[in-house]
Amino acid sequence: MRFIETELAGAFVVELERRQDDRGFFARSFCRDEFEAHGLRPLVAQSNLSFTAKSGTVRGMHFQFPPSTESKLVRCVRGAVWDIIVDLRPESPTYLSHVAIELDEESLRAIYVPERFAHGHQTLRDDSLLSYQMGAPYTPNNEGGLRYDDPALGLTWPLPVTEISEKDLSFPSYSSIEQSLRDRMANLDTDAVDEAGKHGQ
Ligand SMILES: Cc1cn([C@H]2C[C@H](O)[C@@H](COP(=O)(O)OP(=O)(O)O[C@H]3O[C@@H](C)C(=O)[C@@H](O)[C@H]3O)O2)c(=O)[nH]c1=O
C-alpha cells in the first residue's frame, strides 16, 4: 500500500499496490502493521457497506462526538464518489479545512479519515457501493452532523444534489453550534474511546 498524507495532518489517501498477472491482480487493502507504522489507528470495530442507487446523492457530513469518535477507512468498490472530509479538531491548525478526493472502482484507492473529522460524499455514478472499516462502534446517541452546504465549510459538490436524507437536511448550522462543537470535540480522551469500543457502545 502507498500512504499519501493529505494537507490535513493524519488524514491519508491509501493506494493499492497491485500484483498483476494474466488472471487479474492481487493487492493488500489493509495491514495492521503498516497502519501503525504510519501512525494510524488500526482498529476495526465494524465494517459497513453503503449502496447508493442514484448519481448526485449526497450523504453527510457525519461524525461522532467523544468518547465515541471513530476513524474510517472508506473505499468505493463499485461506481464512483466525490468524498470530502472536514477537520473538526479544535486545536488543529487546519481546523474547519477540508480535503476532497474522487474514490472509484478503477483506482480502488481509500481515504483514511481520522477521529474528529466530519465525512460525506456525493455519488458520481448510479449504483455506487462503498466499503467502510470503522475504528469504533456506531453510537447513535453520540452522532453529530453538519449540513453539506453549510457556508462555514465552503464545500463544493460536482453535481446537482439529486437525493439527500431528511436527517442530513436537519443538521444545525455551524454558526449556531460553533462553541459547543469546539468544546465537545476538544480533549479527546483516548482511554474513554477504548472503553467505549470494548463495551460495544
Ligand atoms: C451509520 C450507521 C447507520 N445505521 C442505521 C441507521 C439508519 O437506520 C440507517 C441509515 O443510516 P444513515 O442515514 O446515518 O446512513 P448514512 O447516511 O449512509 O451514514 C453514513 O454516512 C457517511 C457519510 C459516513 O461517514 C458513515 O460513517 C455513516 O455516517 O442505518 C446503523 O445501523 N449502523 C451504522 O453504523
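Conventions adopted
- Residues numbered from 1 in each chain as written.
- Predicted model: local features only at pLDDT ≥ 70, side-chain atom pairs only at ≥ 80, totals over all residues.
- Buried ≥ 20, exposed ≤ 12 C-beta atoms within 10 Å, placed from the backbone.
- Helix = DSSP H or I, 4+ residues; strand = E, 2+ residues; numbered from the N terminus.
- Pairing = 2+ DSSP bridges.
- Axes fitted to C-alpha atoms, helices over the stretch in contact; angles between N-to-C directions.
- Near = placed C-beta within 6 Å.
- Nonpolar A, V, L, I, M, F, W, Y, C, P; charged D, E, K, R; others polar.
- Contact = placed C-beta atoms within 7 Å.
- UniProt positions renumbered as here; feature names shortened; annotations may be inferred.
- Core = buried A, V, L, I, M, F, W, Y, C linked by C-beta atoms within 7 Å.

A. A look at the pairing of strand E7 (residues 72-78). With 5 of 7 residues buried, E7 lies mostly within the body of the structure. One ladder, built from 4 bridges, connects E7 with strand E10 (residues 110-113); its direction is antiparallel. Pairing of Val-74 across the sheet is with Ile-111, part of E10. Where E7 meets strand E12 (residues 128-134), 6 bridges bridge the pair, whose relative direction is antiparallel. Residue pairing for E12: Arg-78 is matched across the bridge by Leu-129.

B. The sheet that holds strand E1 (residues 2-5), seen in detail. Spatially, 6 strands are ordered E1-E2-E10-E7-E12-E5 in an open sheet, and the strand pairing comes out antiparallel. Among the strands making up the open sheet, the edge pair consists of E1 and strand E5 (46-52). The average angle at which neighbouring strand axes cross in this sheet is 25°, direction not considered. When E5 meets E12, the two strands line up antiparallel, connected through 7 bridges. Along E12, the bridge assignment pairs Phe-51 with Leu-129.

C. Expanded view of the site of the ligand. By nearness alone, every residue bordering the ligand is listed as Asn-48, Ser-50, Arg-59, Gly-60, His-62, Lys-72, His-119, Gly-120, His-121, Tyr-138, Ser-165 and Lys-167. Secondary-structure elements contributing two or more residues to the shell around the ligand are E5, strand E6 (58-64) and strand E11 (117-123). For the shell around the ligand, the class distribution of residues is 1 nonpolar, 8 polar and 3 charged.

D. Quick peek at the environment of His-38. Positionally, His-38 belongs in the loop between helix H1 (32-37) and E5. Along the sequence, His-38 and Glu-5 sit 33 residues apart, while their C-alpha atoms lie 9.4 Å from each other. The residues touching His-38, leaving out its near neighbours within four places in the chain, are Phe-3 and Phe-12.

E. Expanded view of the UniProt feature "active site" (unreviewed entry) in the chain. With numbering aligned to this structure, UniProt lists the feature "active site" (unreviewed entry) at His-62 and Tyr-132. Across 71 residues, the annotated set stays spatially compact, with a maximum C-alpha separation of 13.5 Å. Among the residues examined, His-62 registers 18 C-beta atoms within 10 Å and is labelled partly exposed. Those residues within four positions of His-62 in sequence are excluded, and the remaining contacts are Ala-118, His-119, Gly-120, Glu-143 and Gly-145.

F. Quick look at the sheet that holds E6. Spatially, the 5 strands line up as an open sheet ordered E9-E8-E11-E6-E13, and their pairing is antiparallel. Every interior strand has two partners, whereas the edge strands, strand E9 (98-104) and strand E13 (143-145), have only one. Averaged over all adjacent pairs, the angle separating strand axes in this sheet is 25°, with direction ignored. Examined bridge by bridge, strand E8 (residues 80-87) and E9 share 7 bridges and lie antiparallel to one another. Looking at E9, one finds that Ile-85 is bridged to Val-99.

G. Quick look at the nonpolar core. The biggest cluster of nonpolar side chains holds 32 residues, and the ones touching the most others in it are Ile-85, Ile-111, Tyr-112, Phe-117 and Ala-118. Counting residues per element, the ones that place at least two in this core are strand E2 (12-15), E6, E7, E8, E9, E10, E11 and helix H3 (174-185). When residues no more than four places from it in sequence are discounted, the contact partners of Phe-117 are Ala-11, Phe-63, Ile-85, Val-86, Asp-87 and Leu-88.

H. Layout of unusual backbone geometry. The residue after Gly-60, namely Met-61, is reached through a cis peptide bond having omega 0°. Locating Met-61 in the fold gives a position in strand E6. In this chain, Pro-66 is followed by Pro-67 through a cis amide linkage whose omega measures 5°. Along the chain, Pro-67 falls in the loop between E6 and E7. A positive phi is found at Leu-96, a non-glycine position, where the angle reads about 75°. Accessibility expressed as a C-beta count within 10 Å gives 18 for Leu-96, which makes it partly exposed. One non-glycine residue with positive phi stands out, namely Arg-116, at about 65°. Here Arg-116 lies in the loop between E10 and E11.

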